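Now for the letters of each chain:
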Amino acid sequence: MAEFDVDLFVIGGGSGGVRAARIAAGHGARAMIAEEYRMGGTCVIRGCVPKKLFVIGSHFRQEFEDAAGFGWTVPSAGFDWPTLIANKDKEIARLEAAYTTNVEKSGAQIVKSRAVIEDKHTVRLLENDKKITARYILIATGGAPNHGASIPGIEHVISSNEAFHLKELPKRIVIQGGGYIALEFAGIFAGFGSDVTVIYRGDNILRGFDEDVRTHVRTEMEKQGITILTGCTVTRVDRHGESFTTHLSNGSSIGSEQVMFAIGRHPNVANLGLEKAGVAINPNNGGIAVDHFSRSSVDSIYAIGDVTHRFNLTPVAIREGHAFADTVFGKREVRVDHANIPTAVFSQPEVGTVGLTETEARAQFSRVDIYKTTFRPIKATMSGRDTRVLMKLVVDGTTDRVLGCHMVGDAAAEITQAVAIAVKMKATKADFDATIALHPTAAEELVTMRTPTARHVRQAAE
Ligand SMILES: Cc1cc2nc3c(=O)[nH]c(=O)nc-3n(C[C@H](O)[C@H](O)[C@H](O)COP(=O)(O)OP(=O)(O)OC[C@H]3O[C@@H](n4cnc5c(N)ncnc54)[C@H](O)[C@@H]3O)c2cc1C
């Protein structure tokens, strides 16, 4: 009889867990994966995918408006929120089924239950109270929205989870948060026609992004009529039937039909049995502490993806899951390289970014050259839309290596995915310059910016 019931027990059927289970099964492991909600996890069910569908849907407003400058007469367009939700739900159900089929095809077994850890080789399924022993346990339980400190009326506040299932489009919505989820939903609701107010406690939105990007996105969003109030927080939410009054720390208040918080997410580590098994938490971020191979403080237990709270992005969770399976079951040690991960904010306009910001580069390198341009995109010349694109390259002035690329404008995410290859390959500014432009595009600016717009040289004594 085998020593353990399975070789691998994965807790969580999201991006990372699914990839790990499939690859491990491919390496011949007897793998089992538990999911308490829906297969596919956050990204597929209530994250990246439905979000992007909403972004695409909401962007049609601009398309209809811009069409006039090109000769089109577009009759007053109507929008039906329930149709959007129903079609989105249909697509998500299709993806969920595809995830299930793919896992089953790989030979891994799915159990629809919450799983908790009993000891370093045992999990318990809450659905039937059954215990399963495993040579290895992989924790891939992801994260969840975090509403922060409790305030009066917090029970009226929705998160992104509920925003995907609202019965109707709110006429007015207040969104607290300055990160990518808050701004993406601000663009979504504004595009569909809601009156949107963003509340953020810091002095500017998109903390951690390049300063020029932060300023540019804010200006562009404000031009579209989104109100952004910084330096204040929500202190109380009062309900009056179907509407709410949101009170702010600056003494003012705002009426709306919905109040949403997107102020952060916490790793799903609670009530998992971590203490029982001796799995340590990283004191710096509250996620499960792991080494370069995603191994926790217990040698038979690994953790990947958002539950480790390192880089909370789907492709990172997938890469970590794959690397784990190759390392543990594929006889090939694989470390995930977390440098130069490209990211996007699907705000409107969208942001694409890879590598160092200007501030980070100046802290790490003694000579930093900045190449920056803003321009009116060709479409806006005929549509008349008041909008500008931002492109910025951050270059090591000593080696000429491109350290960072930041863009705000249409297709920024698509462009950044391609530029990320060059940045990852340590391309120099001379390599960019040697590349012939593709005309007429916005991206051609990346290979035609000749003169630095700023040059920072750190004095030896600094
Ligand atoms: C609104 C929103 C938009 C996003 N947009 C993007 C984007 O554009 N690009 C991007 O790269 N990332 C995006 N993300 C982040 C992305 O969704 C996550 O980084 C990714 O899903 C992490 O994968 P994971 O496998 O670590 O966890 P998850 O995908 O969260 O999967 C964890 C799974 O574990 C299950 N689970 C938890 N506990 C248990 C238990 N005890 N037993 C059984 N099952 C359990 C959960 O139900 C869940 O299905 C977005 C997130 C949100 C919320």
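The residue count restarts for each chain, going from 1 along the sequence in the order it is written. Where local features are concerned, this predicted model is filtered to residues with pLDDT of at least 70; where side-chain atom pairs are given and counted, the filter is 80 or more; whole-chain, interface and lining totals use all residues. With hydrogens and water set aside, each side-chain value is computed from the structure's full complement of heavy atoms.

Participant: Where do I start with the overall build of the chain in this structure?
Facilitator: Across its full length, the chain holds 13 helices and 22 strands. We take the radius of gyration over the C-alpha atoms and set the globule estimate at 2.2 Å times the residue count to the 0.38 power. Over its C-alpha trace the chain gives a radius of gyration of 24 Å, about what one expects of a compact globule, namely 23 Å for 462 residues. Expressed as lengths along the three principal axes of its C-alpha atoms, the size of the chain is roughly 75 × 60 × 45 Å. Throughout this description, buried means an accessible area under 20% of the type-specific maximum (1.4 Å probe, protein chains only), exposed means over 50%, and partly exposed covers the range between. In the chain, which comprises 462 residues, the proportion classed as buried is 49%. The long-range fraction of contacts in the chain, counting pairs at least 24 apart against all pairs at least 6 apart in sequence, stands at 63%. We score Asp and Glu as negative and Lys and Arg as positive, and we do not count His or the chain ends. Positions of charges follow a simple convention, taking NZ of Lys, CZ of Arg, CG of Asp or CD of Glu. Side-chain charges in the chain split into 52 positive and 53 negative, and the spacing between the mean points of these groups amounts to 2 Å. Secondary structure elements follow DSSP: runs of H or I of four or more residues count as helices, runs of E of two or more count as strands, with numbering from the N terminus. By definition in these notes, contact holds between two residues if any of their heavy atoms fall within 4.5 Å.

Participant: Where do I start with the sheet that holds strand β8 (residues 172-176) in this structure?
Facilitator: Two orientations exist for strands paired in a sheet by backbone hydrogen bonds: parallel and antiparallel. Pairing between strands is defined by DSSP: at least two bridges between them are needed. Pairing within the open sheet is parallel, and its four strands lie in the order β10-β9-β8-β14. The open sheet has two edge strands with one neighbour each: β10 (227-230) and β14 (258-261). For this sheet the average axis-to-axis angle between neighbouring strands, irrespective of direction, equals 15°. Across five bridges, the pairing between β8 and strand β9 (residues 195-200) is parallel. Fitted lines through C-alpha atoms give the axes, limited to the stretch in contact for helices. The angle between two N-to-C directions lies from 0 to 180 degrees.

Participant: Looking at this structure, I do not really get the domain arrangement of the chain. What am I missing?
Facilitator: Each domain's extent is set by a domain assignment, obtained either automatically or from a database. According to the domain assignment, the chain consists of domain 1 (6-144 + 266-329), domain 2 (154-263) and domain 3 (343-454). Using only C-alpha atoms to locate each centre, domain 2 and domain 3 end up separated by 28 Å. At the junction of the two partners, domain 2 supplies 18 residues and domain 3 supplies 22 residues. Summed over both partners, the accessible area (1.4 Å probe) lost when two parts come together is defined as the buried area. Both sides together, the interface formed by domain 2 and domain 3 hides about 1,600 Å², and carbon and sulfur atoms give 59% of it. On the domain 2 side of the contact with domain 3, Asp210, Asp212 and His216 bury the most area, a combined 31% of that side's loss.

Participant: Sorry if this is basic, but what is going on with the site of the ligand here?
Facilitator: For this description, a residue counts as near a given molecule or strand if any of its non-hydrogen atoms is within 4 Å of it. Around the ligand, 37 residues are found, and the nearest of them are Gly16, Glu35, Thr42, Lys51 and Asp306. A 3.5 Å cut-off defines polar contacts: any pair of N or O atoms within that distance qualifies, except that in protein one atom must be a possible hydrogen donor and the other a possible acceptor, and neighbouring residues in sequence count only when both atoms are side-chain atoms. The separation between a nitrogen atom of the ligand and a polar side-chain atom of Arg114 is 3.2 Å. Separating an oxygen atom of the ligand from a backbone N or O atom of Leu313 is a distance of 3.2 Å. In the complex, the protein chains occlude 94% of the 1,000 Å² of accessible area that the ligand would expose alone. Listed by contribution, the elements that provide at least two residues to the shell around the ligand are α1 (15-26), α2 (41-46), α3 (48-67), α6 (180-192) and α9 (314-329). Per element, the largest residue contribution to the shell around the ligand is four residues, and it comes from α2. Ten residue types, Ala, Val, Leu, Ile, Met, Phe, Trp, Tyr, Cys and Pro, are classed as nonpolar, four, Asp, Glu, Lys and Arg, as charged, and the remainder, Gly among them, as polar. When its residues are assigned to classes, the shell around the ligand shows 14 nonpolar, 15 polar and eight charged. Two domains each provide a minimum of three residues to the shell around the ligand, namely domain 1 (6-144 + 266-329) and domain 2 (154-263). What sets the accessible areas is the Shrake-Rupley method with a 1.4 Å probe; for residues, cover comes only from the shown protein chains.

Participant: Help me out: how do you make sense of the side chain of Thr141 in this one?
Facilitator: Within the secondary structure, Thr141 sits in the loop between β6 (130-139) and β7 (143-145). Contacts of Thr141, omitting those with residues within four sequence positions, involve Ile11, Asn268, Leu272 and Val307.

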